[in-house]
Amino acid sequence: MQGEVLLKLQQIFGRDRVLTSKTDMMTYSYDASFATQLEPKEPEYVVISQSTEEVSACVRLANTFKIPVYPRGAATGQTGGAVPVKGGIVIDLAHMNRIIEIDHRNMQAIIEPGVIQDRLNQALKAYGIFFPPDPGSAKMCTIGGMVANNSSGLRAVKYGNTRQYVLGMEVVLPTGK
């Protein structure tokens, strides 16, 4: 089964974006949380996604083989959410980092999950607006991770958490749909 899964992952992502080396597995075995650094958990595979279609195909494959999937951005989280506690596939979303559109009149931005929070605010600054949630890792955390963890930070009392700013999402369901 492992050989078949590896082959199918390489068909989806190409050989260069499917990682299997021991060093790569170690790199993806923890996040910024203290507990996961003490007890890292290695994935079986890491894939570097560049599109929603690739994520969808990977999740569909994982569902077929009953393999757990863990989305990961910058791994700055303190919760262990991006750590593969049961092996499986880590999908690195950091390369899905495009700011697709800024509609400043309606105070909306369409972005991919790998956009760094500080980079988004730099882009918004030209319009005199900003994305208020401000976790301590704003210079390196991704918006996808902020959404997954409902990040807040020092401005939360005045402006609220990340969830107050999400108007819609394109998501991949566990079936890959």
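Here, the structure is the one placed above.
Rules behind the numbers
Residues numbered from 1 in each chain as written. Predicted model: local features only at pLDDT ≥ 70, side-chain atom pairs only at ≥ 80, totals over all residues. Heavy atoms only, no water. Helix = DSSP H or I, 4+ residues; strand = E, 2+ residues; numbered from the N terminus. Buried < 20%, exposed > 50% of the residue type's maximum accessible area, 1.4 Å probe, protein only. Contact = heavy atoms within 4.5 Å. Pairing = 2+ DSSP bridges. Salt bridge = Lys/Arg side-chain N within 4 Å of Asp/Glu carboxyl O. Expected span 1.5 Å × (residues − 1). Arc of directions from axis to C-beta.

Colleague: Can you explain the side chain of S151? Please cite residues and give values.
Modeller: Within the fold, S151 resides in the loop between α6 (143–149) and α7 (156–159). The class for S151 is buried, based on a relative accessible area of 15%. Once residues within four sequence positions are removed from consideration, S151 is found in contact with P133, P135, G145, M146, N161 and T162.

Colleague: Pulling in residues and values, what's your account of the sheet that holds strand β3 (residues 69–72)?
Modeller: Read across the sheet, four strands follow the order β1-β2-β4-β3 without closing on themselves; strand pairing throughout is mixed. Among the strands making up the open sheet, the edge pair consists of β1 (18–19) and β3. Sheet topology places β3 next to strand β4 (residues 89–92); four bridges connect them, and they run parallel. If you follow Y70 over to β4, its bridge partner there is V90.

Colleague: Quick rundown of the pattern of salt bridges? Include the residues and the values.
Modeller: Applying the stated rule across the entire model yields six salt bridges. A salt bridge links R17 to E54, with the shortest nitrogen-to-oxygen separation between them at 2.7 Å. Of this pair, R17 sits in the loop between α1 (2–13) and β1 while E54 sits in helix α4 (residues 52–65), and the two are 37 residues apart along the sequence. Comparing R17 with E54, the two get one shared label, buried. Residues K22 and E42 are paired through a salt bridge, measuring 3.1 Å at the closest nitrogen-oxygen approach. With K22 in helix α2 (residues 22–27) and E42 in the loop between α3 (34–38) and β2 (45–48), this residue pair connects regions lying 20 residues apart in the sequence. Note on E42: relative accessible area 31%, which makes it partly exposed.

Colleague: So what about the environment of Q108? Which residues, and what values?
Modeller: One can find Q108 in strand β6 (residues 108–111). Counting along the chain gives 58 residues from Q108 to V166, while the straight-line C-alpha distance between them is 9.3 Å.

Colleague: Describe α1, listing the residues and the values that go with them.
Modeller: Compared with the 16 Å implied by 1.5 Å per residue over 12 residues, the 16 Å span of α1 between its first and last C-alpha is a close match. For α1, the full list of buried residues reads V5, L9, Q10 and F13. For α1, the buried positions fall inside an angular range of 135° around the axis, keeping them on one side. Facing away from the buried side of α1 by over 90 degrees, the exposed positions are G3 and Q11. Among the structural elements, β1, β2, α4 and β4 are those in contact with the buried residues of α1. Just past α1, the residue G14 takes up positive phi, approximately 85°.

In short, shape yes, function no, at least from these values alone.
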